[in-house]
Amino acid sequence: MSFSIKNICCIGAGFVGGPTMALMAKKCSDLIFNVVDINKQRIDAWNNKDLSKLPIFEPGLEEIIEKTRNKNLFFSSDIECAIASADLIFISVNTPTKTKGLGAGKSSDLKWVEASARQVAKFAKGHTIVVEKSTLPVRTAEVIESILNSTDSNLIRDKKSFSVLSNPEFLAEGTAINDLENPDRVLIGGEDKQAMHLLSNIYRNWVPENKILFTNIWSSELAKLTSNAFLAQRISSINSISAICEVTGADIREVSRAIGLDTRIGSKFLDSGPGFGGSCFKKDILNLVYLAEFFGLEEVAKFWEEVVNINLWHQKRIAKIVVEKLFGTISQKKIIILGFAFKANTNDTRESAAIRICKDLIDEGAELIIHDPKVSPIQIEADLQIKPYITYNEKSKSFLNNNAGGWRYSKDLDIFDDSHAILVLTEWEEYKNIDWDDAAKKMASPAWIFDSRSIINLDLVKKSGINLWRLGDGSI
Ligand code: NAD
Ligand code: UDX
């Protein structure tokens, strides 16, 4: 049978589906890409003429969307039509941690993957290659295959057939376009050699041959979980050492640099910060933990679970330090939060350290003013599950008679008046250029800066007279 790929469907127009298909459409102008989603609002946002209103902020994305959208890249809610016309379908839907039932709190909730597979089983025509793009527990391909092949009578009547492959995505948010354009590797797992070859041909349009890796399907699924577990483990390791630095007089930046020069360790992913966030690390490690427990590997499970536990401990540790430095009480003290996204250059807040830390500070009665250049106040409210202050008085620049602790949002940085402290949680570029002399004049005294991202200029802050605490710096 001669089978070629001309038409591609991606189920899920999220942080992975959107940018990945956009980049593929740019690199493969002879192929058609239909990105579909059950979330109509998201699809409308992808189709918004105003490119600044795309649902995802990702450097370089707007330019690619401008070049490809409605040429060979289409965003739509017509899932049936997109599946029916596709030769290859990427499943790129969300796979969050289960919140109830068997495996709750650890295993992935596969209901969106299962629903996608059922849609594919129902609407696909002829032969279709189905590719797992979502990050999935090992052996999920089996589930997808059994759903696709369960409607036997349909298969015979409509002459449907399927090949299932695993092709996990390794992009990181904030650098997604560059990661997609210059991947360290593209991983394709499967058994059907022809299908694997056809999928690799798409990537060959821009990825060098030696970076395309073929494995069996289970290795591919497990490699994705392992990759995220190793990366997260590095961050928990360096953050744990930052706590030792603070009590011993060492400086975590110097320690990171020194160990990173060992080529066996390498210098990447050694920046101590407020604790890893993002939608992937915690979820994927817990998935690994669940898998190990399922197979009776208790010690393996405990080993990986500690990476997540220490991350939470570290986030709580930062909130505690702020309270301690401000004389043990932050009730009704005004604290400026710089950054709410889980890292710079994204509007994503999923699992952001800022959520835990802000909640803890609000619990202690603090009045937070939260700034982030890309995260909306609606998103912050959804994450904190606390309504913003409505009793904020713009004139006196203070909250009115409220002992409970709370927050409000600011879209600009003219917010330092009468503040007791500034806490840097996201490494946005614009926070590096704040005029600290000017801020010092406006802040209450003694004023504090807590820098959890090591982006603030030490000398300029010292000159301004503001007290500085830096994560992992025992030397100041
Ligand atoms: P997301 O929540 O941003 O997007 C998923 C989209 O799928 C949503 O818009 C949702 O409405 C849609 N969807 C769910 N069920 C559907 C269905 N049956 N039909 C059509 N649309 C449906 O998630 P994401 O961040 O893009 O992640 C997707 C997958 O990729 C996850 O498994 C994640 O672990 C993995 N991943 C994410 C990243 C990342 O940086 N975000 C990186 C690598 C891998
Ligand atoms: C991660 C993986 O990097 C990517 O390969 C995978 O596909 C999805 O999960 P992402 O979560 O988007 O990507 O961002 P990443 O750059 O990995 O950062 C994750 C978290 O770790 C962020 O909160 C970041 O601030 C933190 N981090 C990262 C550090 O604290 N220090 C570092 O040195 C690197």
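The shown structure was predicted, so the numbers you read here are calculated from the model rather than taken from an experiment. (Residues numbered from 1 in each chain as written. Chains lettered and ligands numbered in written order. Predicted model: local features only at pLDDT ≥ 70, side-chain atom pairs only at ≥ 80, totals over all residues. Heavy atoms only, no water.)

**Things to note about the overall build of the protein**
Rules: Strands here mean DSSP runs of E at least two residues long; helices mean DSSP runs of H or I at least four residues long; both are numbered from the N terminus. To get the radius of gyration, use the C-alpha atoms; to get the globule rule, take the number of residues to the power 0.38 and multiply by 2.2 Å. Between two residues, a contact is recorded if the distance between any of their heavy atoms is within 4.5 Å. A 1.4 Å probe and the Shrake-Rupley method give the accessible areas. Residues count as covered only by the protein chains that appear here. As used throughout, the charge tally considers Lys and Arg to be positive and Asp and Glu to be negative, leaving His and the chain termini uncounted. To locate a charge, take NZ of a lysine, CZ of an arginine, CG of an aspartate or CD of a glutamate.
Within the protein, the secondary structure is distributed over 17 helices and 16 strands. Here the protein has a C-alpha radius of gyration of 24 Å; the compact-globule value for 476 residues is 23 Å, and the two agree. Along the first, second and third principal axes, the C-alpha set of the protein runs to 75 × 50 × 45 Å. Considering only intrachain contacts with a sequence separation of at least 6, the fraction spanning at least 24 residues in the protein is 74%. A total accessible area of about 21800 Å² is found for the protein, and carbon and sulfur atoms account for 53% of it. Of the side-chain charges in the protein, 58 are positive and 62 negative, and the distance between the mean point of each set is 2 Å.

**Here we look at unusual backbone geometry**
What counts here: Only protein chains enter the accessibility calculation, which uses a 1.4 Å probe. A residue is then buried if its area is under 20% of the maximum for its type, exposed if over 50%, and partly exposed in between.
The omega torsion across S445 and P446 is -5 degrees, close enough to zero to call that bond cis. By the secondary structure assignment, P446 is in the loop between helix 16 (436-442) and strand 15 (448-451). For Q385, which is not glycine, the phi torsion reads 55 degrees and is therefore positive. Since its relative accessible area comes to 68%, Q385 is described here as exposed. You will see that S454, though not glycine, has its phi angle at about 55 degrees, which is positive. The residue S454 is located in the loop between strand 15 and helix 17 (458-464) in this model.

**A word on the pairing of strand 4 (residues 88-91)**
Stated precisely, the cut-off is as follows: Each pair of strands is called paired provided DSSP finds at least two bridges between the two strands. If the strands point away from the viewer and the path from the first strand over the helix to the second runs clockwise, then the crossover is right-handed.
The alternating pattern of strand 4 places L88 and F90 on one face and I89 and I91 on the opposite face, and all of these are buried. As paired strands, strand 4 and strand 5 (residues 127-132) are joined by four bridges and run parallel to one another. Bridge pairing in strand 5 links L88 to I129. Once the chain exits strand 4 it traverses helix 5 (residues 111-123) before rejoining the sheet at strand 5, and the crossover so formed is right-handed.

**Examining the sheet that holds strand 10 (residues 367-371)**
Quick reminder of the rule: To obtain an axis, a line is fitted to C-alpha atoms, over the contacting stretch when the element is a helix, and the angle between two such axes runs from 0 to 180 degrees between their N-to-C directions.
The strand order across the open sheet built from six strands is 13-10-9-14-15-16, with neighbouring strands paired in parallel fashion. Strands with a single pairing partner mark the edges of an open sheet, and in this sheet they are strand 13 (406-410) and strand 16 (467-470). Direction aside, the axes of adjacent strands within the sheet are offset by 20 degrees on average. Relative to strand 10, strand 9 (residues 334-338) runs parallel, the two being bridged by five bridges. Each residue of the ladder has a partner; that of I337, found in strand 10, is I370. Against the sheet, helix 15 (residues 377-384) touches strand 10 and strand 13, its axis set at about 160 degrees to strand 13.

**A look at the site of ligand 2**
For clarity, the threshold we go by: When we say a residue is near a molecule or strand, we mean one of its heavy atoms is within 4 Å of it. Under the rule applied, a polar contact is a pair of N or O atoms within 3.5 Å (in protein, one hydrogen donor and one hydrogen acceptor; residues adjacent in sequence only if both atoms are side-chain atoms). Classification convention: Asp, Glu, Lys, Arg as charged; Ala, Val, Leu, Ile, Met, Phe, Trp, Tyr, Cys, Pro as nonpolar; all other residues, Gly among them, as polar. The domain limits used here are those given by an automatic or database domain assignment.
Close contacts around ligand 2 come from 19 residues, with F170, L171, E173, D271 and K343 the closest. In the environment of ligand 2, an oxygen atom lies 3.4 Å from a nitrogen or oxygen atom belonging to the backbone of E169. Within the backbone of D271, one N or O atom sits 2.8 Å away from a nitrogen atom of ligand 2. Residue contributions to the shell around ligand 2 peak at four residues, all from helix 10 (residues 217-248). Residue composition of the shell around ligand 2, grouped by class: eleven nonpolar, two polar and six charged. Each of domain 1 (7-215) and domain 2 (218-476) gives at least three residues to the shell around ligand 2.

**A word on the pattern of salt bridges**
Condition: Salt bridges, as used here, are contacts in which a Lys or Arg side-chain nitrogen is within 4 Å of a carboxyl oxygen on Asp or Glu.
Under the defined criterion, the tally for this structure stands at 30 salt bridges. Here E351 ties to K282 by a salt bridge, and the two come within 3.5 Å at their closest N and O atoms. Here E351, found in the loop between strand 9 and helix 14 (353-363), pairs with K282, found in helix 12 (residues 281-294); they are 69 residues apart in sequence, far enough to count as distant. A relative accessible area of 40% places E351 in the partly exposed class. The partly exposed category is assigned to K282, whose relative accessible area is 32%. Salt bridges sharing partners connect three or more residues here, namely D251, R253, R470 and D473.

**Topic: empty space enclosed by the protein**
Here is the rule we go by: Any residue with an atom within 4 Å of a point lines the site, the site being either a cavity, points on a 1 Å grid over the protein atoms alone where a 1.4 Å probe fits but cannot get out, or a pocket, an open set with protein on both sides within 12 Å along at least 5 of 7 lines. Grid points are joined across faces, edges and corners, and a volume is the space filled by probe spheres set on the points.
Under the definition given, this model contains one cavity of 30 Å³ or more. What the largest cavity holds in volume is close to 40 Å³. Looking at the largest cavity, the residues that line it are E132, S134, T135, L136, S166, P168, S220, E221 and K224. Of all the elements, helix 10 adds the most residues to the lining of the largest cavity, at three residues. Residue-level mapping places the lining of the largest cavity at the junction of two domains, with at least three residues from each of domain 1 (7-215) and domain 2 (218-476).

**What about the nonpolar core?**
What counts here: The term nonpolar core refers to a set of buried residues drawn from Ala, Val, Leu, Ile, Met, Phe, Trp, Tyr and Cys, joined through side-chain atoms within 4.5 Å.
The biggest cluster of nonpolar side chains holds 54 residues, and the ones touching the most others in it are L361 and L368. Per element, the largest residue contribution to this core is seven residues, and it comes from helix 14.

**Things to note about the state of the cysteines**
Put simply, the test is: For this text, the term disulfide refers to a pair of cysteine sulfurs within 2.5 Å.
Summed over all chains, the structure comprises zero disulfides. Looking at the unpaired C10, the closest cysteine sulfur is the one in C9, lying at 6.9 Å. Among the residues examined, C10 registers a relative accessible area of 1% and is labelled buried.

**What to know about the site of ligand 1**
As a matter of local geometry, ligand 1 sits amid 28 residues, with D37, R42, T95, E173 and K283 nearest to it. Here F15 contributes a backbone N or O atom positioned 3.0 Å from an oxygen atom of ligand 1. Taking T135, its main chain carries an N or O atom lying 2.9 Å from an oxygen atom of ligand 1. For ligand 1, the accessible surface in isolation is 840 Å², of which the surrounding protein chains cover 94%. Tallied by class, residues from the shell around ligand 1 come to ten nonpolar, eleven polar and seven charged. Both domains that meet at the shell around ligand 1, namely domain 1 (7-215) and domain 2 (218-476), each give it at least three residues.

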